[in-house]
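Remarks on the overall topology
Here is how the chains run, residue by residue.
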Amino acid sequence: MPSPFKRALPDLEDRWDEFAHLFRKRTVKPGTVLLKEGQVAHNTFMIEEGCLRTAYDHKGRDITGQFFFEGEGVSSFESFQFGTPS
């Protein structure tokens, strides 16, 4: 089975070796926080297995913003692109 990166970016499949060095596989436990509010995003993530949710604090309440699933990419894209706090 092809990697989720190759499935998500099929136009790059022929050139995958040029970009593979930019990716690193990382296994995280459930409940791991990948980016805290106010931090600057320095990574994007591709979900190979499982799911991920984005959340934020609203007056002391944990609010889910969105869910992401296998084969999908996720990041605080504006923070990643512009170097602004998430």
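The structure this text deals with has already been given above.
Residues numbered from 1 in each chain as written. Predicted model: local features only at pLDDT ≥ 70, side-chain atom pairs only at ≥ 80, totals over all residues. Heavy atoms only, no water.

Quick look at the overall build of the protein chain now. The secondary structure content of the protein chain amounts to three helices and four strands. For the protein chain, the N- to C-terminal ordering of α and β elements is α-α-β-β-β-β-α. The proportion of buried residues among the 86 residues of the protein chain is 13%. By element, 51% of the accessible surface of the protein chain is carried by carbon and sulfur atoms, the whole surface being about 7100 Å². (Helix = DSSP H or I, 4+ residues; strand = E, 2+ residues; numbered from the N terminus. Buried < 20%, exposed > 50% of the residue type's maximum accessible area, 1.4 Å probe, protein only. Areas by Shrake-Rupley, 256 points an atom, 1.4 Å probe, with all protein chains shown as cover.)

Structurally, Ser-75 can be placed in the loop between strand E4 (73-74) and helix H3 (77-82). Of note is the side chain of Ser-75, whose polar atom sits 2.9 Å from the backbone oxygen of Asn-43. (Polar contact = N/O pair within 3.5 Å; in protein donor to acceptor, adjacent residues only side chain to side chain.)

Where strand E2 (residues 51-58) and strand E3 (residues 61-69) come together, eight bridges link them in antiparallel fashion. Residue pairing for E3: Arg-53 is matched across the bridge by Phe-67. (Pairing = 2+ DSSP bridges.)

Turning our eyes to something else, we now look at the environment of Thr-44. Within the secondary structure, Thr-44 sits in the loop between helix H2 (16-19) and strand E1 (45-46). Note on Thr-44: relative accessible area 42%, which makes it partly exposed. Taking the C-alpha atoms as reference points, Thr-44 and Ser-75, 31 residues apart in sequence, are found 4.7 Å from one another. Excluding residues within four positions of it along the chain, Thr-44 makes contact with Val-74, Ser-75, Phe-77 and Phe-80. (Contact = heavy atoms within 4.5 Å.)

For the structure on display, the rule yields one aromatic pair. Consider the rings of Phe-67 and Phe-69, whose centres lie 6.4 Å apart with planes at 25 degrees: the pair is stacked. Overall, the relative accessible area of 47% leaves Phe-67 in the partly exposed class. (Phe/Tyr/Trp six-rings, centres within 6.5 Å; stacked < 30°, edge-to-face > 60°.)

Here we come to unusual backbone geometry. Despite not being glycine, Lys-59 shows a phi value in the positive range, around 55 degrees. Since its relative accessible area comes to 76%, Lys-59 is described here as exposed.

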